[in-house]
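Working through the structure, step by step
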Amino acid sequence: MSYFVLRLDSRKLHSAVRLLPLREPRWGQIPFLSSNRFMSQEKVPPLTAERYRVSRLPFSEVSVEDIRHFQKIIPGRVITDESDLKAHNIDWLRTVRGHSKVLLKPRTTEEVSKILKHCNERGLAVTPQGGNTGLVGGSVPVFDEILISTALMDQVISFDDVSGALVCQAGCVLDSLNQYLAELGYTMPLDLGAKGSCHIGGNLATNAGGLRLLRYGSLRGTVLGLEAVLPDGSILDCLNSLRKDNTGYDLKQLFIGSEGTLGIITALSIMCPRKPSAVNVALLGCENFSKVLQVFTLCRDQLGEILSACEFMDSESMRIVQTHLKLINPLPDNAFYVLVETSGSCGKHDEEKLNIFLEKAMDSGFVTSGTVATDQGKIMVR
């Protein structure tokens, strides 16, 4: 199938179309910049093809006629300027680089369909790209593939304030969706460090876990339906908003985590929970990893339904945070640190449960030190 392209993975090289992976570590409020973030850095990674000595598959090369055809489909949204393409050819970590000469910016599913149909007929390789915040090089071309950006597919289609079902295009930025829902008293069931730049379509394509998995589960359980364009340009409409649907094959599950190998996700329906009214955060210090596991076990037992996040980092990670993000470590030096977050609807009840957990953690010797954010202004409510 000519639509598939060679992409780089952190573990192996294989043939696939890849939506951006979103697996970035997160601590505090990391300011993710726009695609122009690359322009301020001098390092230019070697070409992926040269670095890994991989050969281009026998795809066609983009011609002047192809460019003209794309201009008819999406007039004014065909990017060929080398300076504009630079940021899109390099990954977020600046470890891999392709040399695509064309970037397409469709706004609708129908435009994506027409583009892929032409590429399939012509034997042109493509690489879908969202926020380009991935860490495994999957969101940039390996060779000269055509880049298809979902950046302009950023519209909220509908929201049902009774069921909490949100229907939106795949190019919506995760944080923008969260802000939209916050005004309605809801929140996204997913949170990532790259939320200021990553696209929800890429989140689905990589089955991103994020910090809210403990509370709301994985995307496989919260996504109600999706719409995707297949390699030949045909549109698969599974954009269902019904939560309890027991009919037929659950085709959306094939696309969640498929990493773009089956097609490009263009829209989705996702179940959004009510926004919690009470949030508490505690930072704890542990002397070894065994204590970290004991803290997590106690955390689940004592906090139960209000536990929304439990993350840990080692001392080296904390040092990097202090050095590069200029954040202050409120605790003495420890081998490991555990961040615990609770969220619920009753502040007094949640605070009491958190205090009981902290007392048991200290009395059991699981933690050596700890602090609780008493000032709500110091808690980044996601």
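This is a predicted model, so every value here is computed, not measured.

All right, on to the overall build of the protein then. The helix and strand tally for the protein stands at twelve helices and 15 strands. Here the protein, with 382 residues, has 51% of them falling under the buried criterion. By sequence separation, contacts in the protein at least 24 residues apart represent 75% of the contacts at least 6 residues apart. Of the roughly 17,800 Å² that the protein leaves accessible, carbon and sulfur atoms contribute 52%.

With nine of nine residues buried, strand S12 (residues 278-286) lies mostly within the body of the structure. Side chains Ala 278, Asn 280, Ala 282, Leu 284 and Cys 286 project from S12 onto one buried face, and the interleaved Val 279, Val 281, Leu 283 and Gly 285 project onto a second face that is buried too. As paired strands, S12 and strand S15 (residues 369-372) are joined by four bridges and run antiparallel to one another. Among the inter-strand pairings, Leu 284 is bridged to a residue of S15, identified as Gly 370.

Looking at where Thr 266 falls in the secondary structure, it is placed in strand S11 (residues 264-271). The buried category is assigned to Thr 266, whose relative accessible area is 1%. Excluding residues that lie within four positions of it along the chain, Thr 266 makes contacts with Thr 109, Val 112, Met 153, Gln 169, Ala 170, Glu 227, Ala 228 and Val 229.

Okay, the confidence of the model for the protein next. Interpreting fine coordinate detail is not advised for predicted regions of low pLDDT. Confidence in the prediction for the protein averages 86 pLDDT; 87% of positions are at 70 or higher. Averaged pLDDT values for the elements of the protein fall to 31 in strand S2 (residues 13-15) and rise to 98 in strand S4 (residues 103-104). Below pLDDT 50 for its whole length, residues 1-40 participates in 151 contacts with residues either more than four positions away or in separate chains.

A word on the pattern of salt bridges. Oppositely charged side chains can pair when the atoms bearing their charge come close. Summed over all chains, the structure comprises seven salt bridges. Across the pair Asp 250 and Lys 252 runs a salt bridge, and its minimum N-O distance is 2.7 Å. The exposure class assigned to Asp 250 is partly exposed, which follows from its relative accessible area of 39%. Between Glu 305 and Lys 353 there is a salt bridge, with its nearest N and O atoms 3.5 Å apart. Residue Glu 305 is found in the loop between helix H10 (289-303) and strand S13 (307-314), and its partner Lys 353 is found in helix H12 (residues 347-363); the two are separated by 48 residues along the sequence.

Relative to strand S10 (residues 235-238), strand S9 (residues 223-229) runs antiparallel, the two sharing four bridges. Within S10, the residue paired with Glu 227 across the bridge is Asp 237. Where S9 hands over to S10, the hairpin turn is made up of five residues, of which Gly 233 adopts a positive phi near 95 degrees.

What follows concerns the sheet that holds S12. Pairing is antiparallel in the open sheet, where four strands are placed in the order S13-S14-S12-S15. Only two strands of the sheet have a single neighbouring strand rather than two, namely S13 and S15. Ignoring strand direction, the axes of neighbouring strands in this sheet form an average angle of 15 degrees. Contacts from helix H11 (residues 315-324) reach S13 and strand S14 (336-344) within the one sheet, and its direction differs from that of S13 by about 95 degrees.

Before going further, it helps to spend a moment on the nonpolar core. A general trend in soluble globular proteins is that nonpolar side chains are found buried together. The biggest cluster of nonpolar side chains holds 28 residues, and the ones touching the most others in it are Leu 166, Met 188, Ile 200, Leu 204, Leu 226 and Ile 270. Of all elements in the fold, only strand S8 (165-169), helix H5 (174-182), helix H6 (200-205), S9 and S11 reach the threshold of two or more residues within this core. Those residues within four positions of Ile 200 in sequence are excluded, and the remaining contacts are Cys 168, Gln 169, Ala 170, Cys 172, Leu 174, Leu 177, Met 188, Leu 190 and Leu 268. Within the second largest apolar cluster, 20 residues are counted, among which are Cys 286, Val 340, Ala 361 and Phe 366.

Looking at the element boundaries, Arg 122 is found in helix H4 (residues 109-122). Owing to a relative accessible area of 29%, Arg 122 belongs among the partly exposed residues under this scheme. The spatial distance from the C-alpha of Arg 122 to the C-alpha of Phe 59 is 8.6 Å, given a sequence separation of 63 residues. Separated by 3.2 Å, the side chain of Arg 122 and the backbone oxygen of Glu 61 make a polar contact.

Applying the stated criterion across every chain, the model contains zero disulfides. The thiol of Cys 310 is unpaired, and the distance to the nearest cysteine sulfur, on Cys 299, comes to 4.5 Å. Taking relative accessible area as the criterion, Cys 310 reaches 18% and is therefore assigned buried.

Turning to the packing of aromatic side chains, a few remarks are in order. Throughout the structure, instances matching the rule amount to five aromatic pairs. Between the aromatic rings of Phe 159 and Tyr 180, the centroid separation amounts to 6.5 Å while the plane-to-plane angle is 90 degrees, which identifies the pairing as edge-to-face. A residue pair is termed long-range when its members are at least 10 positions apart, and Phe 159 in strand S7 (residues 156-160) and Tyr 180 in helix H5 qualify at 21 residues. Overall, Phe 159 belongs to the buried group, its relative accessible area being 18%. An aromatic cluster is defined as three or more aromatic residues linked by ring pairs; in this entry it consists of Phe 159, Tyr 180 and Tyr 186. Residue placement shows Arg 274 over the ring face of Tyr 186; its charged tip is 4.6 Å from the ring centre.

Rules used in this analysis
- Residues numbered from 1 in each chain as written.
- Predicted model: local features only at pLDDT ≥ 70, side-chain atom pairs only at ≥ 80, totals over all residues.
- Heavy atoms only, no water.
- Helix = DSSP H or I, 4+ residues; strand = E, 2+ residues; numbered from the N terminus.
- Buried < 20%, exposed > 50% of the residue type's maximum accessible area, 1.4 Å probe, protein only.
- Contact = heavy atoms within 4.5 Å.
- Areas by Shrake-Rupley, 256 points an atom, 1.4 Å probe, with all protein chains shown as cover.
- Pairing = 2+ DSSP bridges.
- pLDDT = per-residue confidence, 0-100.
- Salt bridge = Lys/Arg side-chain N within 4 Å of Asp/Glu carboxyl O.
- Axes fitted to C-alpha atoms, helices over the stretch in contact; angles between N-to-C directions.
- Core = buried A, V, L, I, M, F, W, Y, C linked by side-chain atoms within 4.5 Å.
- Polar contact = N/O pair within 3.5 Å; in protein donor to acceptor, adjacent residues only side chain to side chain.
- Disulfide = S-S within 2.5 Å.
- Phe/Tyr/Trp six-rings, centres within 6.5 Å; stacked < 30°, edge-to-face > 60°.
- Lys NZ or Arg CZ within 6 Å of the ring centre and 35° of its normal.

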